[in-house]
Every structure is written in structure tokens, then in C-alpha cells.
Amino acid sequence: MARNAKRWLGWVLFVILPLARAPLLRAFPQTQSLKGQVVTDKDAPIPNAVCSLNGHNLPQGNLQTTTDERGNFDFPGLMPGTYSLTCAAVGRQPVSKPGIEVVAGKLLSALHIALPLEVFRQEITVHAHAGQPTSAEVAPPSSFSAHELMTLPLAELKFTAALPLVPGVVRTPDGKLNIKGTPEEQGLLLVDGADLVDPVTGAFSVEVPIDNIEELLVYKSPYMAEYGRFSGGLTVIQTKPPLDLWHWELNDVIPDVFIEQGHIQGIQGDAPRFYLTGPLIKNRLNFSESFIYDLNRAFVEGLPWPKNISRREGVSSFTHFQLILSPRNLVSANVRIFPARREFDNISALIPESASSNYGQRGYSIGGIDRFMTHSGDILTTLFQATEFDTYAHGQGAGPMLITPNGFAGNYFNAYQRFANQEEVQETYELGVKNWAGAHHVQIGGEYFRRAYTGTTNSDTELITNVPGDVLGRISFSGLVHLSDEDTQFEAYGQDHWAVNDSLNIDYGLRFSNENIGSPAAFAPRFGFVYSPSRTGRTVIHGGAGIFYNRIAMLAADYAENPSRTISLFAPDGTPLGPPETYLNAYQITSPEGRPIAVTHNSLGATPYDRTWSMEVDQELRPNWLLRASYLGSRGLGEFLVNPESLADGSHAYLLTNGGASRYQEFESTLRWRTAEKVDVNFSYVHSTTRGDLNTLGALYVPFEEPIIRPNYFADLPSDVPNRVITWGEFAAPWGLTLSPVFDIHTGFPYSSYDVYQNYVGPPDGRRFPRFYSLDFKISKDFHLPFLKIGFFKRHKFRGALQIYDITNHQNPVDVYNNIASPFYAHLIGFQHLTFNAYFDLIY
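Residues numbered from 1 in each chain as written. Predicted model: local features only at pLDDT ≥ 70, side-chain atom pairs only at ≥ 80, totals over all residues. Heavy atoms only, no water.

Quick word on the sheet that holds strand β7 (residues 111-115)
Okay, so step 1: Strand order in the open sheet made by the three strands is β4-β1-β7, with mixed pairing throughout. On the outer flanks of this sheet lie β4 (72-78) and β7, each paired with one strand and no other. On average, each strand axis in the sheet is inclined to that of its neighbour by 25°, with strand direction left out of account.
Okay, so step 2: Here strand β1 (residues 32-40) pairs with β4 via five bridges, running antiparallel. Its bridge partner lying in β4, Lys35 is registered against Asp74. (Pairing = 2+ DSSP bridges. Helix = DSSP H or I, 4+ residues; strand = E, 2+ residues; numbered from the N terminus. Axes fitted to C-alpha atoms, helices over the stretch in contact; angles between N-to-C directions.)

Right, dumping it as C-alpha cells:
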């Protein structure tokens, strides 16, 4: 009996206990493993990449691991829930993959994480394009890829020629670039994170070889606190990193010929480009070299041939080394040289060769970047760069300059030499993603920036004449003077990219700057957000506001040292209209009674700054169609301007003050149609207003000094274009052809009228050129030569292109007779017309 009882008890325990245990087993979650591989954008494995997994079920909210030699990673033992994964590696952009669902009993698919090349912007970005409207950037930039720069019909194969394709960027007839209503010297150009502008003027005078550009970005309102020292637009260039495979290109090897009066008159231009990259030490040290020799003769319509040619010659070289010290430590070094000279640089239909100025520059820069990634995924970046930049300008000979109702004559009056240098050191610490009420991407940094220059300036006599040649005015100068100054800035910032949830991202930060010749303590707060009201992400709202402090112009720091001007006015018969008046150069301060007082010691006051805010809505209409509508408002304050004043003691002076201001408002609507490979087209309409003080320091002294300084007015600025339609794109056509059109139509630029004494007549900038209209086109094709399928030619590919400007031959005028004493008053001159160029490249 006892034996049977034990047998029954055994059967009960054998059957009942497993059944009773089954609910207990189901009560404990079944864990899963998350596996994957981290690779480059060319599918090469990335060893020692840091991958961070975030989720509420993890200890302390996150786990981290590094990839093995094949780029593989593994997170075992994950409980059911939602996770986000971020992988990063030195020299690569971090990539995040949110919304990873771990479900009990369901195996996870292996992940494939491709890390693109590092772009020297420190924010996490998802580039917006049709079909993918969501962006983590609060103010997405306009961007151009290396491919687009090569295929678009640019006036020159230079990055500056692509900038006017951006809505809100215009190039005025005098050649100046303006971004959101401000000239380029108030903006900033960053190349691989380092400042690369003229240290004295701030102009974009350094050319970057176009074959070395990976991506060109244009920000009108960058709300990240990491960016500073500008009050206008920000242009960012990311260069191509050296490759670990040998590759070379020889481009644009066929010179352009000049045909005039039915005969070939010589070479119009030649700009051969050479690019070479490859490993010097396998898997350790890579190298690249990009070199351009630029020879160009630009022909100016409105002047008689052959006295209508502006000649340009220069060299641009960029040498780049990249050293892989370890999988977590990447060091790069670069050397740039950029000599150039331009003969008859400011020639126009109203300025003949004899009255124009030559320009030249010599310079180089040496820099380096050290990027180190910690085991926790934090990134420490150290950047340094030293630049030497020397410039000169002078006229064509001796003798006075003649200012007539029909334009300039004689000899250009001013000559200068400047020897400048600039050093900058940046230190940036970028923390890995931290989870607290969302995901935080925090970055802090500091910067030391120094500029200095010495030089001379000298001006000869100017004569104001009427049409018959009677001298009505004489402007003489005090003679040669020596100029010099130095500026040092210390800056620090902190910023956080806060991904609150899948629908809302917030950027906020603060930048502090100290400038020894400007504001001793300037605080620039920045804020922006990105919000998607729907789960589909087809509608995205961007917005932000910020303060942007510029840097003091070096020409303002020693302004009082410039030569004085003595002005004498005469009647047509030579009778003096009054005693000569001598105008000193001085800084203006205000007396307790509110009167202007001239002082010669440096009294610059606060650093100029800008207040900008914007709002943007992106709407995906269809999978390949994206509509964007945006508004941007900008107010520039504290700008340096020059105004002629009569002082209480009876003396006269050109007073420099930082009381200038400007206003810019812009409404933009853009429609982008993009398919996978066949079509990429942008249609944009911009309505804008640009007003401000006319006598800014940059307007009067950059790139050349103005011969006449008139009273200042607040009016439409020369870059004011109320209405503009700009369209550009790329089409893949049969037979391997690529078709790239650019269509641009906009309101004509404003101009002023003057009397015979060169005084304003009517409101400044009160008249306008006629509407501008242009359609340009480029056809390109990569090919092999069928009759040379042997040896060298069999292994190489060629690229040919035909580029046509102003296909409709609309003949837009560049100049106008704007003096009411001229018999040609209001007549347009300098019409542009249809031209074409051909290109031929050899690619290894």
C-alpha cells in the first residue's frame, strides 16, 4: 500500500508540478539578443566603434559595447521593451536608430549601421529631402554635394559661384555676396571647422579647390551655440578626407579660346585641376592633394575691345594628411596656399582699365585636428590653425583720378599694403547621449582667436569734373600713413540637443565672448525646436531665435589713422565756392549735452550683433514631393558706419560710430521634387525686404576704398531684391547624359542718382535696374573613348561637359549712367549675352 502511494505521489509530482510551474515560467520575461554590424558608407567594417543602447529596462538607463575587428556588436539578455541605439566612431558621424522593439519569443533581426564620413558640425543631423522630411536640425541649411557642384552650370567652378543658388543669397552687380541681406564680410566661412576669411576685411578671399569639397552648407540662422564671430550668414565647407585607396583625377585640361571679330585672339581662360589621394602607410596614414592653376580673362561689355579685359591668375593648393593613431584617435593636418593676382579688378562699363585697381594676395595656412573618443563614447576635439594673409592694391599709374558724370577716368586714387596673420585654437568636448526626460546630446567648448595686421595706405588727388572737363571739385589727401592693430577673442559655449520624444527636439545653448577691442563680455543665447505633430512625420515645424555677435572689423580698429581729406569746390568758371574743408578721421562719442564729439583714440564701443528669429513648415505632399514655407526676420545692430560731420568748434570729420542698423525680412516657399536617381529639382520663390544704413565700413572700404564719401542714409540696401524665383536641378537623360538647368528671375537691383558735384539726387537707391532674367544650362557625360581601348585609355574614364549661359540672350544690364549731368542719364550699359564653355576631365 505504501509502495503504491509513493508511486501515485511520484506520478502526481511528475505531472502536476510542471503544469503548476508553467505559469511561473511564463511570468518571467524571455530575454533577447540585439546583434548587428557597424560599417562605413562603403560597407567596410568599423572595429572599435562605440555603440550605446538606451531603454528604461536597462541598468542606469543604458548599456555600451564596442565592435570587434569585423564591426560586430552584441547586446545579450535584453528584456521586452523599446530601445534606441547610437553608434559612433572617430572620423564618422554618429547614427541613431530609435524605436527598436524587443518582444518576448520573437527573434530580432541583425542591424546594419552605416556611419557616414564626419562632418565638422557637432549636432546630430538627419538630412531633409523629399520623401524624408524629418530633420533633427532646428534650422536646416541649404546644401550642395560634390556631385551637384560639378554638374550645375556655375559661372565658375568655385564654391562662391554656387552660393547665389540658395534662396536668400544674392550677388550684387559689384560682385559682393550677400546672405540674408548682409555682405559676406559680416558672415563667416568655416572650412573643416576653421575660420578661412581675410583677417582684415572678413571677405571670402581664399578659394577652396572644388575637387576637394565633400559638402557645401549655407546657414541663414544657425541656432547652435558652437558657432560665433558672425552676424550675417554662415558658410560651412567639409572637405573630402584622404582615402585608403589610390585615386587621381585631371580635370578641365582644355583651355577656352577667345574669339573676337571672327578670329581667335588667344586663350580666354585655363583652370586645370589635379586631385590625388591614397595611403602613404597602409591602414595608418592617408594623404590627399588638390591643386588648381587658374588663368582667366573676363571681358566687360560696354568698353571697346581690347581695353575691356580683367585678368586673373592664381594658384590654390590643399594638402591633407590623416593619421589613425588608434581606432579611437584620429589626427589630421593640412596645409593650404592661395596666391592670386587680379589686373583691372574693378573694371566695368563706367570704369575703364586706366581708372581701375589691381589686387593681389599671398598667403598660406597650417592647421590640424585631433579627435579622441573615450570608452564611454564621449569625443574630445582639439583644433588649431595659423594663417598668414598679405594683400595689396594699387592703380595703373601716377596722376589724379577723374570723377565725371560719365564714369571714372584718370588713375585710381588709392593704394594699400596689408600684412595680416591669424591664429585660432578650439577645444570641444562632446558627451555621449544621456537619458533624462528624453535623450540629451551635450556639447561644451572654448576658443582662442587672435588677429593682427600692419600695413600702409596712400591716396592721390581726385578731381570732380563736368562733361566738358571743367574742374568742379578737388579732394586731396594728407599722404602715406602706416596702419596696424591687433584683436584677441576668448569664447566659450555650451549647448544641448534634447530629443524630448519622437515628435519634439529642442536645441538650446549660450555663447560667451570677450574681445579686447570690442565688447568685454557678450552673451548670445540661442534656442530652437523641431516638432512633428503627426506620427507619420510628413509635417515638420522648425523654429528658433538667437543673438549672433560679430567680430570687430580690423579696419575700424585703426580708422583714425587713415589720411585726412581736404575738399575744395568750384564753379564751372573756376571760382571757389568756399574755403577748403579738411575732414579728419575720428571716432564719435556723445557729450553730456547730446552733441557728437570727435576723438582720435580708439573708442569702438560694443561689438556689432544681430537678432534673428525664424519659423518653417515642411510638408511632404507625396513620397517624392516636399513643400517648405518659411519666414525669417533679422535685425542688425551696432554696425560701424562713417558719416561726414561739422563739429561745434567749426572743424570737420568723417566720424566712425557703431550706431548703424539694418533690417531683413524674408518669406520663402520651396518645392522640391526628387526621385531616386532620375530627377532632383528645386523651385523657390523669395519675397524679402533689405534696408539699412548705407555708409557701413564694408561698403566704403571693401574691397576698395570709395572715392566719394556722402552723408549716410537709412534706405534700401544694394542687395535688396523684393521678389525672386530661383530654380535649379538635375535630370538623368538617355545615353548617360546629365542635364542641369538654372533659372533665375528677380527684381532689378536698386541704384542712386547723383548731380554733377556727386551729391545724391532724390532718395538714395530710389531707382532700379530692369528685371533680371537668366536661363543657364549644362550637359555632361562620363564616357570611354571607343577608338582608344588600349593600355592607359582603356583603364580610364573621361568626362565632358558643355555649359551655356543666358540661353535666351536676354542681355541683362550691369551698369547705368546714373548722373543727371550726363547726356546718357538713365541709359543702361554693359549688357550680358549668351556665352558657352566646354570642359574635359580625365578620371582614374
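Some details on the nonpolar core
Note on soluble globular proteins: their nonpolar side chains tend to be buried together.
Okay, so step 1: In this structure, Phe159, Leu604, Leu656 and Leu697 are the most contacted members of the largest nonpolar core, which totals 74 residues.
Okay, so step 2: Among the elements that line this core, the one with the most residues is helix α4 (residues 554-557), at four residues.
Okay, so step 3: For Leu656, the contacting residues outside a window of four places in its chain are Ala556, Tyr559, Ala586, Tyr587, Gln588, Leu604, Phe640, Leu641, Val642 and Leu697.
Okay, so step 4: Residues Ile46, Leu53, Phe75 and Ala89 belong to the second largest nonpolar core, which totals 19 residues. (Core = buried A, V, L, I, M, F, W, Y, C linked by side-chain atoms within 4.5 Å. Buried < 20%, exposed > 50% of the residue type's maximum accessible area, 1.4 Å probe, protein only. Contact = heavy atoms within 4.5 Å.)

Overview of a nonpolar patch on the surface
Okay, so step 1: Taken together, the side chains of Val335, Ile337, Tyr364, Ile366, Phe384, Val425, Tyr448 and Phe490 make up a nonpolar region of the molecular surface, amounting to roughly 670 Å² of accessible area.
Okay, so step 2: Elements that contribute at least two residues to the nonpolar patch include exactly β22 (329-337) and β24 (358-373).
Okay, so step 3: Given the relative accessible area of 30%, Tyr448 is considered partly exposed. (Patch = residues over 30% accessible without salt bridge, like charges linked within 9 Å, V, L, I, M, F, W, Y side chains within 5 Å. Areas by Shrake-Rupley, 256 points an atom, 1.4 Å probe, with all protein chains shown as cover. Salt bridge = Lys/Arg side-chain N within 4 Å of Asp/Glu carboxyl O.)

What to know about the state of the cysteines
Okay, so step 1: Per the counting criterion, the structure on display carries one disulfide.
Okay, so step 2: The disulfide that involves Cys51 links it to Cys87, with 2.3 Å between the sulfurs. Taking the torsion about the sulfur-sulfur bond, which here is approximately 110°, the covalent link between Cys51 and Cys87 counts as right-handed. Highlighted residues: Cys51 in strand β2 (residues 50-54) and Cys87 in strand β5 (residues 81-88), separated in sequence by 36 residues. Like Cys87, Cys51 is buried. (Disulfide = S-S within 2.5 Å.)

A look at the sheet that holds strand β3 (residues 62-66)
Okay, so step 1: Ordered in space as β3-β2-β5-β6, the four strands form an open sheet in which the pairing is antiparallel. Either end of the sheet is taken by a strand with one partner, and the two such strands are β3 and β6 (95-102). Within the sheet, the average angular offset between the axes of one strand and its neighbour, ignoring direction, is 20°.

Points about the environment of Asp294
Okay, so step 1: Within the secondary structure layout, Asp294 lies in strand β20 (residues 285-299).
Okay, so step 2: The exposure class of Asp294 is buried, given its relative accessible area of 9%.
Okay, so step 3: Taking the C-alpha atoms as reference points, Asp294 and Ile779, 485 residues apart in sequence, are found 23 Å from one another.
Okay, so step 4: Discounting chain neighbours no more than four positions away, the residues touching Asp294 are Lys158, Asp270, Ala271, Arg312, Glu313 and Gly314.
Okay, so step 5: Engagement of the side chain of Asp294 in a polar contact is seen with the side chain of Arg312, the distance being 3.0 Å. (Polar contact = N/O pair within 3.5 Å; in protein donor to acceptor, adjacent residues only side chain to side chain.)

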